[in-house]
Amino acid sequence: MRLFIISLFLFFHATDAHAQTHKIVKPSKAQLQWHEQEFYLFTHFGPNTYTDLEWGHGNEAEDIFNPIDLDCNQWADIAKAAGATGIIITAKHHDGFCLWPSNFSKHTVRESKWRDGKGDVLKELSAACKSHGLKFGVYISPWDRNHPAYGTAEYNTVFVNMMKELFTNYGPIWELWWDGANGEGPNGKKQIYDWNLFKKTVHELSPKTVVFSDIGPQLRWVGNEKGIASMTNWNTLNIKGFTPGAGAPAQSVLGTGNVNGSDWIPAECDVSIRPGWFYHRNEDEKVKSPEQLFELYLKSVGRGANFLLNVPPDPRGKIHSNDSAALVGFQLLKKSNFENEISISGSFKKISRNKFSLVWKNPQEINTIVLAEKIKNGQSISAFKLNLYQAENIVKIIEGTTVGRKRIITFPLLKIDKIELELQDLYQRVNLKSLKAFHITEALVEKT
């Protein structure tokens, strides 16, 4: 395979009066670091792994949870081999079962027969992530179909105390994942979640942790569980008057974000490597292929979002070989197509403030262009236009909207000798970080 790359770095320069009067929203240091993580794993694990359910009822016997060959180091080994940067685990799903021996529940690993009630999945995974240089994240659902206090004011304190256990005993926690689901508890009541208390608790315990929900406070749901970001994807979102779950903005708005939104809350794309989120034996032959995962990468990371891929352990407590093979194959595709860069000597010219050209003496075969914005200065590119030339003739015009951290554009292979890039910017500035051109495997090029 031949790979052609040209890198161009442009730096922020003077803004006009409009930019000076309009607030530019920028990411925090923790959010900026989160953007760089790019791809990491989700791990749905719990009683549902043994009951073949997706949503447990909360009345499952604790003894059903028995991963006799639990191997969190195997999970971490596979995550590293896949090029993932971290693992987020479902410490408590809607059924209320805690994968750690919580002092605020009687539905935990402590009540199971697994390791005579002395097992602790979070302890083992946290240690495995640390030893493998991976980020450690925790999903904890506020909904609890088992806890007797659910549906009362007391439960908000219970939930806060559970989070305190997580941060005190298993930190540092890089990302905390809140599911907005809110159904009935064992007493038939629904809970009124005290989101302000929850956010305050996390900020006090671990201010560097980024928190995910439909509307943040640091990260947002992309609006679907397909792993696909919107073609237009603003990292900013208006959140005043909204709450996670049923009170969130429309899914289409969560996908696109809001231009000039009040807060920096970028999108995270979650999807499972299998049809379901928890392990089911009848799905062993339905694992997504490396090529399918690569396509999802193009449609998530390639549209300025992060890619969260669920890989559920089986009842043994290990990741199935089919999932492992797909992940390793996916990483090989990424490395061979995007990481082995061969520089090309080209002539770059600035035509005007927002228009640039890149010229080669000899035509080059290209089918992928990657744009990147310098998001530490905020997100401001609202549209781009690429004219691709061969012998002074335009052979293809590509138009798009947002760029963000990374925008990957693919097209059928062309032999070209010049690229012209024109940008539209909200604040009349140049905020482009880089432009790269590639020749990737033709079969991986999106046909849409």
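Residues numbered from 1 in each chain as written. Predicted model: local features only at pLDDT ≥ 70, side-chain atom pairs only at ≥ 80, totals over all residues. Heavy atoms only, no water.

Draft legend 1. A look at the packing of aromatic side chains. One pass over the structure, following the stated rule, counts 28 aromatic pairs. Each ring, one from W178 and one from W195, has its centre 5.5 Å from the other, and the planes form 55°; the classification is tilted. Here W178, found in the loop between β4 (175–177) and α7 (195–205), pairs with W195, found in helix α7; they are 17 residues apart in sequence, far enough to count as distant. In this structure W195 comes out as buried when scored by relative accessible area, which is 12%. Each residue in the set F39, F294, Y297, F307, F330, F338 and F438 is aromatic and connected to the rest through ring pairs, giving one cluster. The residue whose ring lies beneath K418 is Y389, and the NZ or CZ to ring-centre distance is 4.2 Å. (Phe/Tyr/Trp six-rings, centres within 6.5 Å; stacked < 30°, edge-to-face > 60°. Helix = DSSP H or I, 4+ residues; strand = E, 2+ residues; numbered from the N terminus. Buried < 20%, exposed > 50% of the residue type's maximum accessible area, 1.4 Å probe, protein only. Lys NZ or Arg CZ within 6 Å of the ring centre and 35° of its normal.)

Draft legend 2. Geometry of empty space enclosed by the protein. A complete count under the given rule lists one cavity of 30 Å³ or more for this structure. Within this model, the largest cavity holds a volume of roughly 30 Å³. What lines the largest cavity is simply F45, G46, P47, T90, K92, H93, D95, F97 and F278. Residue classes in the lining of the largest cavity are distributed as four nonpolar, three polar and two charged. (1 Å grid on protein atoms, 1.4 Å probe; cavity = no way out; pocket = protein on both sides within 12 Å on 5 of 7 lines; lining within 4 Å. Points joined across faces, edges and corners; volume = space filled by probe spheres on them. Nonpolar A, V, L, I, M, F, W, Y, C, P; charged D, E, K, R; others polar.)

Draft legend 3. Just helix α5 (residues 121–132), in detail. The end-to-end C-alpha distance of α5 is 16 Å, a good match for the 16 Å that twelve residues give at a rise of 1.5 Å each. Listing the buried residues of α5 in full gives V121, L122, L125, S126, A128, C129 and H132. Burial along α5 is one-sided: seen end-on, the buried residues are contained in an arc of 165°. Facing away from the buried side of α5, by more than 90 degrees, are the exposed residues K123, K130 and S131. Turning to α5, the residues buried within the fold contact α4 (72–81), β2 (86–92), β3 (135–140) and α6 (153–170). (Expected span 1.5 Å × (residues − 1). Arc of directions from axis to C-beta. Contact = heavy atoms within 4.5 Å.)

These figures capture arrangement, not role.
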